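# A look at the structure
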Amino acid sequence: VVFESAVKDVFAAAGISFTVRNMAMGGVPSYPNSMCMEDNFGADTDVVVWDFRMVERDEIKGELYVRQAMMLPKAPLICFKRKMSYLSRLHYAHKDAALHVLDEMST
């Protein structure tokens, strides 16, 4: 958990408890695990990252993942590592800052 060790002290200095849960599944699509997101990721999740692009291009499964994340108790920030065409159609369901694309392929 490299990211956690890199930023934990910064968050601690600000009085914020910071924990990273690496839920990587390696070559497994998001569905059906996304149906149990609270059980898999925890009810206290603040940020969820979708990075299933290697094995999943199904718009329905991607939208299901977003919808399940939005139903978590803390309505976490949802990050995508690649801009997927269906994301723009989900704008009605989230606030502007709630769904963010971190596209390492964009120029």
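Structure report, in brief. Model, not experiment: these values are computed from the prediction.

A word on the overall build of the protein. In terms of helices and strands, the protein carries 3 helices and 3 strands. Counting from the amino terminus, helix and strand elements in the protein follow one another as α-α-β-α-β-β. Considering the protein as a whole, with its 107 residues, one finds that 28% of them fall into the buried category. Within the protein, residue pairs in contact and separated by at least 24 positions form 51% of the contacts whose partners lie at least 6 positions apart. When the accessible area of the protein is evaluated, it comes to approximately 7100 Å², of which 58% is carbon and sulfur surface.

This paragraph deals with the nonpolar core. Listed in full, the 12 residues of the largest apolar core are Met37, Phe41, Val48, Trp50, Phe52, Tyr65, Val66, Ala69, Leu72, Ile78, Phe80 and Leu87. Per-element accounting of this core gives the leading share, 3 residues, to helix 3 (residues 59–70).

On to unusual backbone geometry, then. The peptide bond linking Tyr31 to Pro32 adopts the cis configuration, its omega dihedral lying at 15 degrees. Residue placement: Pro32 occurs in the loop between helix 1 (2–13) and helix 2 (37–41). Even without glycine at this site, Ala75 takes up a positive phi of about 40 degrees. Checked against the element boundaries, Ala75 lands in the loop between helix 3 and strand 2 (77–80).

Rules used in this analysis
- Residues numbered from 1 in each chain as written.
- Predicted model: local features only at pLDDT ≥ 70, side-chain atom pairs only at ≥ 80, totals over all residues.
- Heavy atoms only, no water.
- Helix = DSSP H or I, 4+ residues; strand = E, 2+ residues; numbered from the N terminus.
- Buried < 20%, exposed > 50% of the residue type's maximum accessible area, 1.4 Å probe, protein only.
- Contact = heavy atoms within 4.5 Å.
- Areas by Shrake-Rupley, 256 points an atom, 1.4 Å probe, with all protein chains shown as cover.
- Core = buried A, V, L, I, M, F, W, Y, C linked by side-chain atoms within 4.5 Å.

Functional significance is not addressed by these values, which are geometric in nature.
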